[in-house]
2 protein chains.
Amino acid sequence: MEKKKMDRPIVRTRRLIRDAFTGLMEEKGFEAITVSDLTEKADINRGTFYLHYKDKYDLLEQSEGEIFEELDRIGEEAWKAVNQNYTNDLQVEQPLPFVIKLFEFLEENFEFMKVILGPNGNPSFQVRLKEFIKKKMLYKFSNFMNEENMVIPLDYLVAYVSSAHLGVIQCWLESGMDRSPQEMAHMLSQTTFWGPAHVAGLRKN
Amino acid sequence: MEKKKMDRPIVRTRRLIRDAFTGLMEEKGFEAITVSDLTEKADINRGTFYLHYKDKYDLLEQSEGEIFEELDRIGEEAWKAVNQNYTNDLQVEQPLPFVIKLFEFLEENFEFMKVILGPNGNPSFQVRLKEFIKKKMLYKFSNFMNEENMVIPLDYLVAYVSSAHLGVIQCWLESGMDRSPQEMAHMLSQTTFWGPAHVAGLRKN
DNA sequence: TTCTATTTGTTGATTAGTAAACAGATTTCA
DNA sequence: TGAAATCTGTTTACTAATCAACAAATAGAA
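Residues numbered from 1 in each chain as written. Chains lettered and ligands numbered in written order. Predicted model: local features only at pLDDT ≥ 70, side-chain atom pairs only at ≥ 80, totals over all residues. Heavy atoms only, no water.

**Some remarks on the protein's contact with DNA strand C**
How we decide: Any residue with at least one heavy atom within 4 Å of a molecule or strand is counted as near it. The term polar contact refers here to a pair of N or O atoms within 3.5 Å; inside protein, the definition further demands a hydrogen-donor-capable atom paired with an acceptor-capable atom, and it admits residues adjacent in sequence only when both atoms are side-chain atoms. In DSSP terms, a helix is any run of H or I states spanning at least four residues, a strand is any run of E spanning at least two, and both are numbered starting from the N terminus.
With respect to spatial proximity, 20 residues lie near DNA strand C, and among them Thr13(A), Thr48(A), Arg8(B), Arg12(B) and Arg46(B) are the closest. One of the side-chain N or O atoms of His52(A) is found 3.0 Å from a phosphate oxygen in DNA strand C. Arg8(B) places a side-chain nitrogen or oxygen 2.6 Å from a phosphate oxygen of DNA strand C. Elements represented by at least two residues in the surface near DNA strand C include exactly helix H1 (8–28) and helix H3 (46–52) of chain A together with helix H1 (8–28), helix H2 (35–42) and helix H3 (46–52) of chain B.

Here is the structure:
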């Protein structure tokens, strides 16, 4: 059963609140924000805020929750795309469709992601995002690798690669997205496949 | 008696409509716009449009009307500022406070002014704006000039200077406001005082 | 010219947001 | 420590926007 589409004022009001939230978080950090700040910046009645959120912590929770809901959906779509192509012979050095879609999603939510992952953001969000990336990669790597052949344990490898991805994401957001999502995904897959030393020109084989 | 402040939803809805109007005018020109276009782009209910405007011609009329209301107010403020300073000895080559405020106003309403004065805009608005500038200048010049000393009739002079101002305004808007309102006002007053030939370096005295 | 598609202008019941007020809690300042 | 300022959470009656539908008008296509 399809979820009833939200009426326009609800969508509009929440967007106003979220945009104000993002701006204030960048400006003064989450802790210093008040509900009065939010509704003043969003230019809505203070009582209206409480029609949508319990308090500012609820706003943070729901905002981050929606990000991960969308990321889950992106992960599923990317997986379906791979399955529907019936081409399991793509090389491991090709960008994962998921990673391309991830960067596209980041581009669409640039302001919020830049702030939440920035110095005035929420450290636990960063942790959560890294866990999410790890989970996706663990699943993907498990289908390709034989643990007997590995020089280091799989979970350490995935920790390495997912942290690297997160660092690159943050660098990209801070730069104001100076490269396209496709370029970013390609860059990451190249570095992951050949290794940082190789792509830095320090090692040849 | 102070006019009652409009409730937020009214202000918000009208801004949505005006912004959509500006965007569509630039994209396809006034004639090609439909009310359905407007409310789709503004993301409001079509019936809501009719709560605010009779039809799209009413929207145009009210939009332009507000511009001139604001311009009138700016003209009065500028005049008061001059009077309150008790300094009637400012030189005629100094930028008029009104012209500075005019450019600041244009900057605040950049999108709309660029469109309405552009190729897809409304020619009659341009005429109206020029008349407005002429009226302000006629008033100002009348206070400074002795018609006996003039080489050409005052109304022709004012037509020359006001048309020049409008042309410069349009150039500025098309360039995306590459200079500050203060710079623009100064440039205009210099050119007006010394004459185009002088400021072009073609004539010295 | 006729038919189809789109737009218009309006309507009514409902939803969502609103202004303003209130009491209590928290923060800031002297 | 106490006073003042600010913020919070809630409330109520009202306003504004909403969805969806309808009939008529207009525009576009065949």
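**Some details on the packing of helix H7 (residues 123–142) of chain A against helix H8 (residues 154–174) of chain A**
Residue and element names in this part refer to chain A. Worth spelling out the cut-off: Lines fitted to C-alpha atoms define the axes here, with helix axes fitted over just the stretch in contact, and angles between the N-to-C directions of these axes take values from 0 to 180 degrees. Convention used here: angles under 35 degrees read as roughly parallel, angles over 145 as roughly antiparallel, angles from 65 to 115 as roughly perpendicular, and any remaining angle as oblique. Two helices that cross are described as forming a left-handed crossing if the nearer one is turned anticlockwise from the farther one by less than a right angle, and a right-handed crossing if clockwise. Any two residues whose heavy atoms approach within 4.5 Å at even a single point are treated as in contact. Amino acids outside the nonpolar list (Ala, Val, Leu, Ile, Met, Phe, Trp, Tyr, Cys, Pro) and the charged list (Asp, Glu, Lys, Arg) are all regarded as polar, and Gly is one of them.
Interhelical geometry of H7 versus H8 gives an angle of 130° and a closest axis separation of 9 Å. One finds that H7 runs oblique with respect to H8. Crossing angle aside, the handedness with which H7 passes H8 is right-handed. Residue-level contacts link Gln-126, Leu-129, Lys-130, Ile-133, Lys-134, Met-137, Leu-138, Phe-141 and Ser-142 of H7 to Leu-154, Leu-157, Val-158, Ala-159, Val-161, Ser-162, Ser-163, His-165, Leu-166, Ile-169 and Gln-170 of H8. Considered class by class, the residues forming the contact of H7 with H8 number 12 nonpolar, 6 polar and 2 charged.

**What about the relation of the copies chain A and chain B?**
This is how the line gets drawn: C-alpha atoms of residues with pLDDT of at least 70 in both copies form the basis for the least-squares superposition of the copies.
Of the transformation placing chain A onto chain B, the axial shift is 0.1 Å and the rotation is 180°, giving an RMSD of 0.1 Å. This pairing of chains is accounted for by a two-fold axis. Using C-alpha coordinates, one finds that chain A approaches the rotation axis most closely at Pro9(A), a distance of 4.8 Å. In this assembly, 100% of the residues forming the interface of chain A have copies in chain B that are likewise at the interface, indicating an isologous arrangement.

**Some points on H1(B)**
Basically, it comes down to this: Helix span, as expected, comes to 1.5 Å for every residue beyond the first.
In a regular helix each residue adds 1.5 Å, so 21 residues correspond to 30 Å; H1(B) covers 30 Å between its end C-alpha atoms and thus fits that length. Where H1(B) terminates, the next one or two residues include Gly29(B), which has phi positive at roughly 85°.

**Remarks on the environment of Glu70(A)**
Residue placement: Glu70(A) occurs in helix H4 (residues 56–84). Through-space distance from the C-alpha of Glu70(A) to that of Leu102(A) is 9.8 Å; in sequence the pair is 32 residues apart.

**Focus: the interface of chain A and chain B**
Stated precisely, the cut-off is as follows: Here the quantity called buried area is the accessible surface, traced with a 1.4 Å probe, that two parts lose on coming together, added over both. We define a salt bridge as a side-chain nitrogen of Lys or Arg found within 4 Å of a carboxyl oxygen belonging to Asp or Glu.
At the interface, 6 residues of chain A touch 6 residues of chain B. Both sides of the chain A and chain B interface together cover about 630 Å² of buried area, and 32% of this is carbon and sulfur. Interface area lost by chain A to chain B is led by Arg8(A), Arg12(A) and Asp43(A), which between them contribute 73%. Counting the contacts that link chain A with chain B gives 2 salt bridges. Among the ionic pairs, Asp43(B) bridges to Arg8(A), the shortest N-O distance being 2.8 Å. The interface formed by chain A and chain B includes 4 residue pairs in polar contact (both at pLDDT 80 or more). A class-by-class count of the residues in the side of chain A that touches chain B yields 2 nonpolar, 1 polar and 3 charged.

**Some words on the protein's contact with DNA strand D**
DNA strand D sits among 20 residues. The nearest are Arg8(A), Arg46(A), Thr13(B), Asn45(B) and Thr48(B). Taking Val35(A), its main chain carries an N or O atom lying 3.1 Å from a phosphate oxygen of DNA strand D. In this structure, a phosphate oxygen belonging to DNA strand D sits 3.2 Å away from a main-chain N or O atom of Pro9(B). Mapped by element, the contributors of at least two residues to the surface near DNA strand D are H1, helix H2 (35–42) and H3 of chain A together with H1 and H3 of chain B.

**Some remarks on the pattern of salt bridges**
A side chain with one charge can pair with a side chain of the opposite charge if their charged atoms come near. Residue and element names in this part refer to chain A. Convention followed: Relative accessibility thresholds used throughout: buried, under 20% of the residue-type maximum; exposed, over 50%; partly exposed, between the two (1.4 Å probe, protein chains only).
In this structure the tally under the stated criterion is 14 salt bridges over all chains. Notably, a salt bridge pairs Asp-37 with Lys-28, separated by 2.8 Å at the nearest N-O pair. Glu-131 serves as the salt-bridge partner of Lys-134, at 3.9 Å between the closest nitrogen and oxygen. Here Glu-131 and Lys-134 lie together in helix H7, a separation of 3 residues that amounts to about one turn. When its relative accessible area of 44% is taken as the criterion, Glu-131 is described as partly exposed. Each of Glu-70, Arg-73 and Glu-77 takes part in salt bridges that share partners, so that together they form one network.

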